[in-house]
Amino acid sequence: MTNHSAPGRWSAAQANQWYDRLPWLVGANFVPSTASNQLEMWQAETFSPDVIARELGWAAGLGMNTMRVFLHDLVWAADPEGFRGRIERYLDIAADNGISTMLVLFDSVWNPDVALGPQPEPRPAVHNSQWVQGPGRALADRDQYGRLQDYVEGVVGAFAQDERVLVWDVWNEPSNLNGARFEELANKTELVSALLPQVFGWARNAKPMQPLTAGVWVGETLYDDPLARIQIENSDVISFHDYQTPERFAAKLVDLPRDRPLFLTEFMARTPGSTFEGILPIAKRERIACYCWGLVAGRSQTLYPWDSWTKSYLDGLPDPWFHDVFHADGRPYIEAETAFLRQITGQR
């Protein structure tokens, strides 16, 4: 596959020079245990800085030095100044714990029907039962694209020169159709394919000092994803997801472009064999930044596996937990696992 660069994309040399100044990055996809989704994390009524501070403190105690955090366009549309202030508060807390942050702008995963206000209660024992897409069904309404552009340029512009922000992940799993769990737009893939390059352009309009990326997430190789070309050719650093065994993970690395820094922005699902002990030694050797899914068990319910959407787990917790590292009270789920994390990160 011929690799071309979109206008404004960093050169490989620029990306590597930026990355060479950083420590090895290890962290998590973070949503506080009190939030079931992005809206519950960020709306003023449910924003919980005390919980965020406590849980990021636990992460820092393991040697984690970075988090990946999802924003949402509707929160910006309703209250841009308030949202900016809450992002500032989060970034202050993270920086106080020695943690940088990758901020995610849009997401194609889970429920496309999104509304501000109080969020529905999580469905019992169902993985990520209230997680929402952004922009969701607004994809089909071109009259809302101006609002989406204002969001991207506004939030990136607000933090474009902020050293607490590490990377902008412009769209999580853009090609995800969610396995028929929801009634998706019939032309969702085509709409995302057209909008995604524009989103990269809107972010670059804000002239951020941070790199941009969008993670390739599906398939045995990097290019199995139908939107891979758009994602890779627009990304300053290459990001990808992998929940496979160490052997399959190592095999996938052979197909990845190695001329730019690599970010494994989602991994660690114990049931299919993606574990800290299996993946992190490979990633450390190859100097790949890593973000597990899940930190503290809570309202996102990601300790339950993906198949909890169709299989009942009401009789008891899964063994092992699918994601998550800590109980809500800060106890490690697996003591040996957290000890390994402290060892491999050099945390004493």
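For clarity, every value in this text was computed on a predicted model and none was experimentally measured.

Turning next to the overall build of the protein chain. When you go through the protein chain residue by residue, the secondary structure sums to 11 helices and eight strands. A compact globule built from 348 residues should have a C-alpha radius of gyration of about 20 Å, and the protein chain, at 19 Å, falls within 12% of that. C-alpha atoms of the protein chain, sized along the principal axes, occupy 50 × 45 × 40 Å. Split into buried and exposed, the 348 residues of the protein chain put 60% on the buried side. In the protein chain, the proportion of contacts linking residues at least 24 apart, taken out of those at least 6 apart, comes to 78%. Entry remark: accessible area of the protein chain is about 13400 Å², with carbon and sulfur atoms responsible for 51%.

Quick look at the nonpolar core now. Ranked by internal contacts, the top residues of the largest apolar core, which has 98 residues, are Trp42, Met67, Tyr90, Leu105, Val170 and Leu280. With eight residues, helix H7 (residues 188-205) is the single largest residue contributor to this core. For Leu105, the contacting residues outside a window of four places in its chain are Leu71, Tyr151, Val152, Val155, Val156, Trp168, Asp169 and Val170.

Of all the positions in helix H1 (residues 12-20), only Ala15, Trp18 and Tyr19 are classed as buried. Buried residues of H1, seen end-on, are gathered within an arc of 95° and therefore sit on one face of the element. Within H1, the exposed residues directed more than 90 degrees away from the buried face are Ala13, Gln17 and Asp20. On the buried face of H1, the contacting elements are strand E4 (165-172), strand E7 (262-267) and strand E8 (289-293).

One can describe the packing of helix H9 (residues 246-253) onto helix H10 (residues 276-286) by two numbers: an axis separation of 9 Å at closest approach and a directional angle of 25°. In terms of orientation, H9 and H10 fall into the roughly parallel class. Crossing angle aside, the handedness with which H9 passes H10 is right-handed. Mapping the contact onto sequence places Pro246, Phe249, Ala250 and Leu253 in H9 and Gly278, Ile279, Ile282 and Glu286 in H10. Classifying every residue of the contact of H9 with H10 gives six nonpolar, one polar and one charged.

This brings us to the environment of Pro120. Note that Pro120 resides in the loop between strand E3 (100-107) and helix H6 (145-158). For Pro120, a relative accessible area of 44% corresponds to the partly exposed category. Taking the C-alpha atoms as reference, Pro120 lies 37 Å from Lys207; in sequence the two are 87 residues apart.

What follows is about the packing of aromatic side chains. Under the counting rule described, the total for this entry stands at 22 aromatic pairs. Measuring from ring centre to ring centre gives 5.6 Å for Tyr19 and Phe263, while their planes differ by 55°; the resulting arrangement is tilted. A residue pair is termed long-range when its members are at least 10 positions apart, and Tyr19 in helix H1 and Phe263 in strand E7 qualify at 244 residues. On the basis of relative accessible area, Phe263 is assigned to the buried category, the value being 0%.

Before going further, it helps to spend a moment on the pattern of salt bridges. As enumerated under the stated definition, the model contains 18 salt bridges in all. Where Glu40 meets Arg299, a salt bridge forms, and the shortest distance between an N and an O atom there is 3.0 Å. Within this pair, whereas Glu40 is found in helix H2 (residues 38-42), its partner Arg299 is found in the loop between E8 and helix H11 (335-345), the two being separated by 259 residues in sequence. Judged by relative accessible area, Arg299 falls into the partly exposed class, the value being 23%.

Here we come to the sheet that holds strand E1 (residues 26-29). Within a sheet, neighbouring strands are paired by backbone hydrogen bonds and run either parallel or antiparallel to one another. Read across the open sheet, the eight strands follow the order E5-E4-E3-E2-E1-E8-E7-E6; overall the sheet is parallel. Each of the sheet's edge strands pairs with one partner strand only, and the pair in question is strand E5 (212-213) and strand E6 (238-241). Relative to E3, strand E2 (residues 66-70) runs parallel, the two sharing five bridges. Its bridge partner lying in E3, Phe70 is registered against Val104.

What follows deals with the state of the cysteines. All told, the structure shown has zero disulfides when counted by the stated rule. For Cys292, which is in no disulfide, the shortest distance to another cysteine sulfur is to Cys290 and amounts to 9.5 Å.

For residues that are not glycine, phi is negative in most cases, and the peptide bond is trans in most cases. Pro135 follows Gly134 through a cis peptide bond whose omega is 5°. Following the sequence through the fold, Pro135 ends up in the loop between E3 and H6. The omega torsion of the bond from Asp319 to Pro320 falls at 5°, within 30 degrees of zero and hence cis. Among the secondary structure elements, Pro320 is positioned in the loop between E8 and H11. One non-glycine residue, Arg287, lies in the positive phi region at around 55°.

Quick notes on the rules
Residues numbered from 1 in each chain as written. Predicted model: local features only at pLDDT ≥ 70, side-chain atom pairs only at ≥ 80, totals over all residues. Heavy atoms only, no water. Helix = DSSP H or I, 4+ residues; strand = E, 2+ residues; numbered from the N terminus. Rg over C-alpha atoms; globule rule 2.2 N^0.38 Å. Buried < 20%, exposed > 50% of the residue type's maximum accessible area, 1.4 Å probe, protein only. Contact = heavy atoms within 4.5 Å. Areas by Shrake-Rupley, 256 points an atom, 1.4 Å probe, with all protein chains shown as cover. Core = buried A, V, L, I, M, F, W, Y, C linked by side-chain atoms within 4.5 Å. Arc of directions from axis to C-beta. Axes fitted to C-alpha atoms, helices over the stretch in contact; angles between N-to-C directions. Parallel < 35°, antiparallel > 145°, perpendicular 65-115°, else oblique. Left-handed = near helix turned anticlockwise from the far one by under 90°. Nonpolar A, V, L, I, M, F, W, Y, C, P; charged D, E, K, R; others polar. Phe/Tyr/Trp six-rings, centres within 6.5 Å; stacked < 30°, edge-to-face > 60°. Salt bridge = Lys/Arg side-chain N within 4 Å of Asp/Glu carboxyl O. Pairing = 2+ DSSP bridges. Disulfide = S-S within 2.5 Å.

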